[in-house]
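Residue strings, one per chain:
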Amino acid sequence: MKVSFQIIGHNIKTARKAARLTQEQAAERIGISALHFGRIERGEREPSMKLLTQIADALNTSVYALLHDCILDPENYPAIFESPDPKTRDYGEYALLILDAYRAQIKQYYERLRQKEDACP
């Protein structure tokens, strides 16, 4: 699945402007540098799910809104993309979509846990 981090960044920027915050103010609320926040907004960095949640909270929006239209191959998830009203979309399916989009991060995290587990006597 292809995820556009540029679209996620655009959605973050739109939410930040709607909240009437500068990048510096938003970054301060989240606890990251303004430089890092700017890179996320430009789609140069992939935010973790934890950071995406923190960004949504700081901007008084939802993770759902920040991920809107970020999937570049929606034909695999028609139930999500065909609904005209985001409130009526199936959030269970959307949760699976998010997991799929962040599969690489989840796999890396799982591998690190496994390595730690193997290293313990």
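This text goes with the structure placed above it.
Now for a description of the structure that goes with this document. Please read these numbers as outputs of a predicted model, since none were measured by experiment. Residue numbers restart at each chain and count upward from 1, following the sequence in its written direction. Local features are withheld for residues below a pLDDT of 70 in this predicted model, meaning they are given only at 70 or higher, and side-chain atom pairs are given and counted only at 80 or more; totals for whole chains, interfaces and linings count all residues. The side-chain quantities take in all heavy atoms of the structure and omit both hydrogens and water.

### Details of the overall build of the protein
Rule in force here: For the purposes of this entry, the term helix denotes a DSSP run of H or I that reaches at least four residues, the term strand denotes a run of E that reaches at least two, and both are numbered from the N terminus. Summary of the burial criterion: residues with accessible area below 20% of their type's maximum are buried, those above 50% are exposed, and those between are partly exposed, where the area comes from a 1.4 Å probe applied to protein chains only. Whether two residues touch is decided by their heavy atoms; if any such pair falls within 4.5 Å, the residues are in contact. Note on areas: these come from Shrake-Rupley sampling with a 1.4 Å probe, and a residue is covered only by the protein chains present in the view.
What the protein contains, in helices and strands, is eight helices and zero strands. When the 121 residues of the protein are sorted by exposure, 34% land in the buried category. Partitioning the intrachain contacts of the protein with sequence separation of at least 6 by distance along the chain shows that 62% fall at a separation of at least 24. Roughly 7,900 Å² of accessible area belongs to the protein as shown, and the carbon and sulfur atoms make up 52% of that amount.

### Re helix α1 (residues 5-18)
Cut-off, in case you're wondering: By this rule the span expected of a helix is its residue count minus one, scaled by 1.5 Å. This arc is built from the directions going out from the helix axis to the C-beta atoms.
Helix length check: α1 (14 residues) gives 20 Å between terminal C-alpha atoms against 20 Å at 1.5 Å per residue, within 8%. Taken together, the buried positions of α1 are occupied by F5, I8, G9, N11, I12, A15 and R16. Relative to the axis of α1, the buried residues are bounded by an arc of 160° and lie together on one face. More than 90 degrees from the buried face of α1, the exposed residues found are K17 and A18. Its buried side turned inward, α1 meets α2 (23-30), α3 (34-41), α4 (49-58) and α5 (63-67).

### Re the side chain of S4
What counts, and what does not: Pairs of N or O atoms within 3.5 Å make up the polar contacts considered here, provided that, within protein, one atom can donate a hydrogen while the other can accept it, and that residues adjacent in sequence are counted only when both atoms are side-chain atoms.
By the secondary structure assignment, S4 is in the segment before α1. Residue classification places S4 among the buried positions, given a relative accessible area of 8%. Reaching out from S4, the side chain makes a polar contact with the backbone nitrogen of I7 at a distance of 3.1 Å.

### Quick look at the nonpolar core
The cut-off we apply is this: The criterion is simple. A nonpolar core is a set of buried Ala, Val, Leu, Ile, Met, Phe, Trp, Tyr and Cys residues joined through side-chain atoms within 4.5 Å.
Ranked by size, the top nonpolar core spans 22 residues in total, and within it I8, I12, F37, L52, I55, L59 and L66 carry the most contacts. Top element by residues in this core is α4. It accounts for five residues.

### What about the side chain of R16?
Mapping R16 onto the fold places it in helix α1. Not counting residues within four places of it along the chain, the set of residues in contact with R16 comprises L21, T22, Q23, A26, F37, E41 and L59.

### A closer look at the environment of D57
Positionally, D57 belongs in helix α4. Since its relative accessible area comes to 55%, D57 is described here as exposed. Along the backbone, D57 and I30 are 27 residues apart, and their C-alpha atoms lie at a distance of 8.6 Å.

### Structural notes on unusual backbone geometry
Phi is positive for R20, which is not a glycine, with a value near 60°. Mapping R20 onto the fold places it in the loop between α1 and α2. Non-glycine residue N60 carries a positive phi angle of around 55°. Here N60 shows up in the loop between α4 and α5.

### A look at the packing of α2 against α3
How we decide: Fitted lines through C-alpha atoms serve as axes, helices being fitted only where they are in contact, and the angles separating the N-to-C directions of these axes extend from 0 to 180 degrees. Orientation labels follow simple angle bins: below 35 degrees gives roughly parallel, above 145 gives roughly antiparallel, 65 to 115 gives roughly perpendicular, and whatever is left gives oblique. Under the scheme applied, nonpolar residues are Ala, Val, Leu, Ile, Met, Phe, Trp, Tyr, Cys and Pro; charged residues are Asp, Glu, Lys and Arg; polar residues are all the others, including Gly.
The contact between α2 and α3 brings their axes to 8 Å, and the two run at 105°. Regarding the angle of α2 to α3, the classification is roughly perpendicular. In this structure, α2 uses Q23, E24, A26, A27 and I30 to contact α3, whose residues at the interface are A34, F37, G38 and E41. The class makeup of the residues in the contact of α2 with α3 is five nonpolar, two polar and two charged.

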